[in-house]
Amino acid sequence: AGWLCDSLNVPLLMTREEYLAARMLAADHPPPPEVALDFYAQAGLTPDQLAMYGKRFGRYGNLLSDLPESYYRIKDGDRLTINGRRWEVVVGRGHSPEHACLFCPDLNVLIAGDQALPTISPNVSVWPTEPAADPLEEWLASCAELPGRVPEDTLVLPSHGRPFHGLRRRLTTITQEHEAGLQKVIALCKEPQRVVDVFPALFRGRITDTNLIMATGESMAHLNYLERRGALQVTRDASGVRWYRAS
């Protein structure tokens, strides 16, 4: 965005929470803060895995051009005119703080970004900066709200995969998958489990060094959701590792 704004001499339009989150992520640089290392150690990562995380910390910021120092805020319900057509800002949450989708009634098109995907579920994660967050609740609420904002025959343009029709049907399917995952987590936690121990309840694929951090964050999102609703209790062992057990 910074390169585009500078090269074309145009302003940046963005939601406030996304802009602030982007600036926070861009400011990350090695070494990782102790709170981040503690967060993943409490989840059950091994010393080797923590060392790998430390080596990769801050890479995101190195991939970005400098962010613009100012922006024009857009909000849910705002209307923008792009190339003579009206687009409405439709905000979703959970995957990221204030994700702006864009809906054009004339074209009956929704640019959905990562908020709704055709074949996979968006990553909904807890991060070290807000360890007690409940993004899954926010994402499920968005899944319930978004279909009421656009017609069911709207063409949805996602950030991954092919365009598709049937937003309500797709979000219902993904929501049901998450609900099933939550029940699997509860069943697994009849005996105490760490964050890394609940991967089999939520992911069909193999967790490797490449996707370990995202898998940990998404597992934390499910565990936080269940803990806040009284379905799980959490304790810490002598090493500070968190153990979850069904209430």
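Here's what I pulled together on the structure shown here. Numbering of residues starts from 1 in every chain and runs along the sequence as written. Local features are withheld for residues below a pLDDT of 70 in this predicted model, meaning they are given only at 70 or higher, and side-chain atom pairs are given and counted only at 80 or more; totals for whole chains, interfaces and linings count all residues. Processing note: side-chain calculations cover all non-hydrogen atoms of the structure and skip hydrogens and water entirely.

1. Digging into the sheet that holds strand 7 (residues 155-158)
Point 1. We treat two strands as partners when DSSP finds at least two bridges between them. Runs of E in the DSSP output that reach at least two residues are strands. Runs of H or I that reach at least four are helices, and both are numbered from the N terminus. Read from one edge to the other, the open sheet built from five strands follows the order 3-4-5-6-7, with strand pairing classed as mixed. This sheet does not close on itself; its edge strands, each paired only once, are strand 3 (79-82) and strand 7. With direction set aside, neighbouring strand axes in the sheet form an average angle of 30°.
Point 2. Of the strand pairs in this sheet, strand 6 (residues 109-113) and strand 7 are connected by four bridges, and their pairing is parallel. Bridge assignment links isoleucine 111 to a residue of strand 7, and that residue is leucine 157. Lines fitted to the C-alpha atoms define the axes, with helices restricted to the stretch that makes contact. Angles between their N-to-C directions range from 0 to 180 degrees.

2. Observations regarding the packing of helix 7 (residues 167-188) against helix 9 (residues 212-228)
Point 1. Relative orientation of the contacting elements helix 7 and helix 9 amounts to 75°, with a least axis distance of 10 Å. Relative to helix 9, helix 7 is oriented roughly perpendicular. Within the contact between the two elements, helix 7 uses His178, Leu182, Val185 and Ile186 and helix 9 uses Glu218, His222, Leu223, Tyr225 and Leu226.
Point 2. Looking at the contact of helix 7 with helix 9, its residues break down into six nonpolar, two polar and one charged. Orientation labels follow simple angle bins: below 35 degrees gives roughly parallel, above 145 gives roughly antiparallel, 65 to 115 gives roughly perpendicular, and whatever is left gives oblique. A contact between two residues is defined here by any heavy atoms of the two lying within 4.5 Å. For this scheme, ten residues count as nonpolar: Ala, Val, Leu, Ile, Met, Phe, Trp, Tyr, Cys and Pro. Four count as charged, namely Asp, Glu, Lys and Arg, and the remainder, Gly too, count as polar.

3. Examining helix 3 (residues 34-43)
Point 1. Residue exposure (1.4 Å probe, protein chains only): buried if accessible area is under 20% of the type maximum, exposed if over 50%, otherwise partly exposed. Here helix 3 has its buried residues at Ala36, Phe39, Tyr40 and Ala43. Looking straight down helix 3, one finds that the buried residues subtend no more than 85° of arc, so they occupy a single side.
Point 2. In the core, the buried residues of helix 3 are packed alongside helix 4 (47-56) and helix 9.
Point 3. Directly after helix 3, the chain includes glycine 44, whose backbone phi takes a positive value near 110°. Here, the arc refers to the directions that run from the helix axis to the C-beta atoms.

4. So, helix 9
Point 1. Counted at 1.5 Å a residue, the expected span for helix 9 with its 17 residues is 24 Å, and the 24 Å between its end C-alpha atoms agrees.
Point 2. Most of helix 9 is tucked away, with 14 of its 17 residues classed as buried.
Point 3. Where helix 9 ends, the next residue or the one after it, glycine 230, has phi of about 80°, a positive value. Expected helix span is computed as 1.5 Å times (number of residues minus one).

5. Comments concerning the pairing of strand 4 (residues 85-92)
Point 1. By the criterion of burial, strand 4 is predominantly enclosed, with six of the eight residues buried.
Point 2. Pairing of strand 3 with strand 4, which is carried by four bridges, proceeds in the antiparallel orientation. Counterpart to arginine 79 in the pairing with strand 4 is glutamate 88.
Point 3. The turn linking strand 3 back onto strand 4 is made up of two residues, and asparagine 83 within it adopts a positive phi angle of 55°.
Point 4. Here strand 4 folds back onto strand 5 (residues 99-104) in antiparallel fashion, the turn holding six residues, of which glycine 94 has a positive phi close to 110°.

6. Points about the environment of glutamate 17
Point 1. Position of glutamate 17 among the secondary structure elements: in helix 2 (residues 16-26).
Point 2. Residues glutamate 17 and glutamate 98 lie 81 residues apart in sequence; the distance between their C-alpha atoms is 5.6 Å.
Point 3. If near-sequence neighbours (up to four positions away) are discounted, glutamate 17 is found in contact with Arg93, Pro97 and Glu98.
Point 4. Here a polar contact is recorded for every N or O atom pair within 3.5 Å, except that within protein the pair must consist of a potential hydrogen donor and a potential acceptor, and residues adjacent in sequence are included only if both atoms are side-chain atoms. A polar contact is formed between the side chain of glutamate 17 and the side chain of arginine 93, at a distance of 3.0 Å.

7. Observations concerning the environment of leucine 146
Point 1. Residue placement: leucine 146 occurs in the loop between helix 6 (135-145) and strand 7.
Point 2. With 31 residues separating them in the primary sequence, leucine 146 and glutamine 115 have C-alpha atoms 9.5 Å apart.
Point 3. Discounting residues that sit within four places of it in the chain, leucine 146 has contacts with Val90, Val91, Gln115, Leu167 and Leu171.

8. Thoughts on the side chain of threonine 216
Point 1. Structurally, threonine 216 is set in helix 9.
Point 2. Excluding its chain neighbours within four sequence positions, the residues that come into contact with threonine 216 are Tyr40, Ala43, Leu45, Val195 and Phe199.

9. Some details on the pattern of salt bridges
Two side chains of opposite charge can pair, provided their charged atoms sit close to one another.
Point 1. One side-chain nitrogen of Lys or Arg within 4 Å of one carboxyl oxygen of Asp or Glu is enough to make a salt bridge. In the structure shown here, the tally under the stated rule is nine salt bridges.
Point 2. The partner of glutamate 145 in a salt bridge is arginine 149, with the nearest N and O atoms 3.4 Å apart.
Point 3. What makes glutamate 145 partly exposed here is its relative accessible area of 43%.
Point 4. Here arginine 194 and aspartate 197 are joined by a salt bridge, their closest N and O atoms 3.0 Å apart.
Point 5. When its relative accessible area of 25% is taken as the criterion, arginine 194 is described as partly exposed.

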